[in-house]
Amino acid sequence: MSDSQSDGGDCTDHRTAVTEAEVEALVRGICFKTGPPRALGVELEWLIHELRMPQLPVTPERLEAVYAALRAVPLRSPLTVEPGGQLELSSPPAASLMECIGTVSADLDAVRAVLAEEGLGLVGIGHDPWHTPRRFLHEPRYDAMEACLDRTGPAGRHMMCTSASVQVCVDAGHEEPGPLGHERRWWLAHQLGAVLVAAFANSPLLGREPTGWLSTRQLLWMEIGAGRAGAPPLDGGARAAWARHVLDAPVMCVRQDSGPWQVPEGLTFREWTRSRSPRPPTRADLDYHLTTLFPPVRPRGHLELRMIDAQPGDDGWIVPLAVTAALFDDPEAAETAYRGVKPLAERALNLPAPHNPLWTDAARGGLTDPELREVAALCFAAALEALPRLGATAEVTDAVAAYRDRYVARGRCPAHDLLDRLDSGGPPPSRPGRTGGTPTAHGRKDIRT
């Protein structure tokens with residue numbers, strides 16, 4: 001959620017006020033950069049835990065020390081810190097899947113070496129199963145964010161401080177229609193996104209207890225609300241829909257050059273351009289507003305797919321990256337995925353993601369849902385056929401095939417490993433747990449009841 005943004009910056013940049021029409025034109029122009037899909041990226045969020053006893057909290061002083069050490073390490077991927085102290089690596093745009101994997105893997109090796117010297121490690125779980133939210137960063141942006149999100153309940157603090165994800169970034173696509181056209185890719189991302197939630201769900205616990213949801217992280221995003229964390233309706237063109245959404249989304253904060261930032265209640269950006277109060281909004285304010293919206297698919301020139309839970313193991317992140325890249329950037333696989341998810345779209349009832357029945361079913365039951373399991377199997381098969389065409393190595397395709405056999409073919413996801421370990425009396429594993437057993441929704445208390 002840091003978005004690699006400077007927390008303060010100069011709020012007087014771009015002093016000229018923007019009108020409603022100018023905002024719409026700017027958003028249309030900057031959020032979908034069309035052309036042949038050529039680049040790929042991944043943003044990896046990680047929880048930082050004690051290697052010996054992950055149940056113990058890492059003190060702010062230790063986090064400060066390890067981040068100071070990491071700032072001296074040469075990395076190709078920008079390293080940022082999330083509000084709760086989570087670490088994020090954001091790859092530079094890569095010309096191929098293997099270039100992306102190679103760059104990030106090398107950076108992760110360097111980061112892990114520094115952490116290990118301090119007795120710390122990176123843990124890939126979508127939501128911290130042990131610790132309550134505790135803010136590590138105390139800066140105006142996060143003070144304002146916390147105040148804003150607190151209005152809808154505790155979900156915002158959990159998202160800020162105890163969640164982690166694998167975010168895959170793909171190009172917007174061609175201007176022209178077809179399997180790689182930007183309108184098709186925009187639509188596909190919102191339907192396939194539910195399949196990715198289900199297949200990679202890895203956050204079944206909150207406060208050491210099962211929530212009844214395999215992706216509690218996705219549930220928390222839903223609870224933050226549609227204005228902040230929802231997608232626009234998919235009817236009409238992608239550019240027009242997103243521009244309307246940006247204008248009608250609530251303003252998180254009005255930045256100040258000094259002192260605390262204002263946190264208005266119920267003020268949309270559209271209303272701000274009309275009222276010009278508490279001061280006229282500028283281009284810099286618009287740029288900042290775009291970073292405070294957290295839909296499951298966020299257009300930032302490219303498409304940022306934000307719905308995948310952090311994955312277990314040192315290299316678990318490679319599988320969702322490879323599968324997503326194949327289904328978006330290989331024309332044949334993209335067509336297969338499009339045809340596969342079309343029947344699922346009916347379950348969304350024309351409601352925007354993630355606040356619709358399809359996404360709810362995906363987050364709650366994962367691939368225990370027969371239809372989601374069938375479509376996931378189809379998509380994994382298409383991805384496995386496409387990966388060699390994208391230059392993937394045998395190691396990558398083998399990892400995807402192993403994931404398919406271990407989870408998708410059995411209606412399971414990594415969340416089941418965490419629950420199995422809990423059932424056996426052990427702590428949730430920080431690496432992949434055992435497999436086996438019958439797929440189950442685990443029937444435990446729903447977090448919302």
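All residue numbers here refer to positions counted from 1 along the written sequence of the relevant chain. Where local features are concerned, this predicted model is filtered to residues with pLDDT of at least 70; where side-chain atom pairs are given and counted, the filter is 80 or more; whole-chain, interface and lining totals use all residues. As a rule here, side-chain values come from all non-hydrogen atoms in the structure, and water together with hydrogens is ignored.

(A) Looking closely at unusual backbone geometry. Between Ser277 and the following residue, Pro278, the backbone shows a cis peptide bond with an omega angle of 10°. When you line up the elements, Pro278 lands in the loop between helix H10 (269-275) and helix H11 (283-291). Here Ala353 and Pro354 are connected by a cis peptide whose omega angle stands at -5°. Phi is positive for Arg208, which is not a glycine, with a value near 70°. Secondary structure elements follow DSSP: runs of H or I no shorter than four residues count as helices, runs of E no shorter than two count as strands, and numbering proceeds from the N terminus. For Arg208, the location among the structural elements is in the loop between strand S6 (205-206) and strand S7 (209-210). Summary of the burial criterion: residues with accessible area below 20% of their type's maximum are buried, those above 50% are exposed, and those between are partly exposed, where the area comes from a 1.4 Å probe applied to protein chains only. Here Arg208 falls in the partly exposed class, since its relative accessible area comes to 44%. In this structure, Asn350 is a non-glycine residue whose phi angle is positive, near 60°. For Asn350, the location among the structural elements is in the loop between helix H13 (331-345) and helix H14 (357-365).

(B) Structural view of the pairing of strand S3 (residues 87-90). Residues Leu87 and Leu89 line one face of S3 and the alternating positions Glu88 and Ser90 line the opposite face, and both faces are buried. In this description, strands pair whenever DSSP reports at least two bridges between them. Sheet topology note: the strand S1 (residues 40-50)/S3 ladder contains four bridges and is antiparallel. Bridge pairing links Trp46 to Leu87 in S3. Pairing geometry for strand S2 (residues 79-81) and S3, over three bridges, is antiparallel. Note that in S3 the partner of Leu79 across the bridge is Leu89. Linking S2 to S3, which pair antiparallel, is a turn of five residues; within it Gly85 sits at a positive phi near 95°.

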